[in-house]
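A structural walkthrough
One-letter residues, chain by chain:
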Amino acid sequence: MNEENDPELQKLLEEKAKKLAKVASKKEEQRREPVAHLDSSNFDSFINSHKVAVVDFWAEWCAPCLILAPIIEELAHDYPQVGFGKINSDENPDISARYGVMSLPTVIFFKNGEPVDELLGAVPREEIETRIKALLGE
Amino acid sequence: MKPLLLGIDGLSYSSFMKCNPRTLLMLFSSTFRGVVANKNKNNHPTPAWLSILEMTDDINESGFLSSLPDLKLIKITKAVAINIPITNPTYGEVKLPYDKTVPIKDELNKVKEAIFKNIDENPVIADVTALDRFLVNNGSIDKCEIYREIDGFVKEIINRVQDFIIFSPYGEPKDGKHEDYGVYLSTVPRPNEHDTVKLPELGILFSKLVKGDVFY
C-alpha cells in the first residue's frame, strides 16, 4: 500500500492540518483582536494560561472605560508576552464581585492566576506600563 | 438664551487620551457625561440623525434623503436647524456639500456664526461633519489636528451657550462603518446615568430641555 492510499495516514494528516489551521486562526485572531473578550466561561482559563495577565473591567455606559480602551489595545500590541483581556462588568457580575470591583474602569494585574495589583480610572499609559514591566521583571 | 443640541459626528472618547482636547476633557470632568450607543445606524449620518430628529428607533433610510419628512423634534421645539447631514448638501440654515471640498475651519466658522446668530431667540440643533468627512477613507490625515480645531470651536460655543447637549451619534470611522460608541457631554442630567444614551433619547432630552422640563 502506498502512502496516498493509507487511510490511517490520511486521517493523521487531516487532523494535523486541522490543528495547524486552528493555531493559525488563533494567531490571526490575536493579531486582529489583541485584547481577548472574556466572560465567566473563559476568565479563569485565561488568567491561568498567562504568566502575566492584565484584565480591563469595563461597561458600555462607562465613558472613562472608552478612553482607556485604546491604551490597553496599544499595550497589548507592544507586550505580546502578556495576556490582555477585557470583561464587561455588567454582564459578568460574578467575576467583578470575586475581585471586589466597585468602580469602572478597573484594571487588575494577575501573576500566575493571582491578582497582584490594580488601577482604578482612565490612567495614562505609563501607569499601566510601569506595573507590567515590574511584573515581567524588566 | 435658548438650548443647543450640537452634534460632532465621529467624535470619540477613544481619541481623548491621544489628542488631549482640553475643552472637551474639561467638559468630561465637569458636566453630565455618558456614552451614546449606536450599533445599527452607524454606517451613514442620515439614519442616526433621523432617529434623533424623529425620536424613534424605527428608521428605514440608509442614505441622504431627497425629500424631507416632518421632523418631529424640530416641529416640537421650533428649533433652528444648522448643517444637519440628512440631505446633501446638508439641511438647515447652513447647507454644505457632504464631501471634502469644504475645509474644516470654514465649516466650523459657518456653524458657529449661525449658532450665535440664532441662540438668543431660538433653540438650535446644529452639526459639525468635518471630523467624519475627513477621517473617512483617509488614514494619513492628522486626526489630532482636527480635534484641536474642534476643541477650539467647542470652547467658543460653551463660553456663549448656557444649556447644551454636545454629542456624537457614533464614534470614529472604523472598518467601513463607525465605532458603536459616541460621546455625550451635557448640562442635562439623565435619569439613569448607568445606562447608555440611545439616539431617540437625545431628541427627547433636548425637547425636555427646551420645555424646561428637565430632571435635576
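Please read all numbers here as calculations on a predicted model, not as lab measurements.

1. Let's talk about the sheet that holds strand β4 (residues 106-111) of chain A
All names here are of chain A.
- Spatial strand order, β1-β3-β2-β4-β5: five strands in an open sheet with mixed pairing. Of all strands in the sheet, those bounded by a partner on one side alone are β1 (36-38) and β5 (114-120). With strand direction ignored, the average angle separating the axes of adjacent strands in the sheet is 25 degrees.
- Pairing geometry for β1 and strand β3 (residues 83-88), over three bridges, is parallel. Bridge assignment links His37 to a residue of β3, and that residue is Lys86.

2. A few points about the confidence of the model for chain B
- Overall, the predicted model of chain B reaches an average pLDDT of 94, with 98% of residues at or above 70.
- For this predicted complex, the interface confidence reaches an ipTM of 0.91, while the overall pTM sits at 0.88.

3. Points about the interface of chain A and chain B
- Facing 13 residues of chain A, the contacting portion of chain B comprises 14 residues.
- Across the interface of chain A and chain B, roughly 1200 Å² is buried in total on both sides, 75% from carbon and sulfur atoms.
- Our count for the contact surface shared by chain A and chain B stands at one salt bridge.
- Put simply, Glu60(A) and Lys39(B) hold a salt bridge, and the shortest N to O gap is 2.5 Å.
- Between chain A and chain B we count two residue pairs in polar contact (both at pLDDT 80 or more) in total.
- Top element by residues in the side of chain A that touches chain B is helix α3 (residues 63-78) of chain A. It accounts for six residues.

Conventions we followed
Residues numbered from 1 in each chain as written. Chains lettered and ligands numbered in written order. Predicted model: local features only at pLDDT ≥ 70, side-chain atom pairs only at ≥ 80, totals over all residues. Heavy atoms only, no water. Pairing = 2+ DSSP bridges. Helix = DSSP H or I, 4+ residues; strand = E, 2+ residues; numbered from the N terminus. Axes fitted to C-alpha atoms, helices over the stretch in contact; angles between N-to-C directions. pLDDT = per-residue confidence, 0-100. Contact = heavy atoms within 4.5 Å. Buried area = accessible area lost by both parts, 1.4 Å probe. Salt bridge = Lys/Arg side-chain N within 4 Å of Asp/Glu carboxyl O. Polar contact = N/O pair within 3.5 Å; in protein donor to acceptor, adjacent residues only side chain to side chain.

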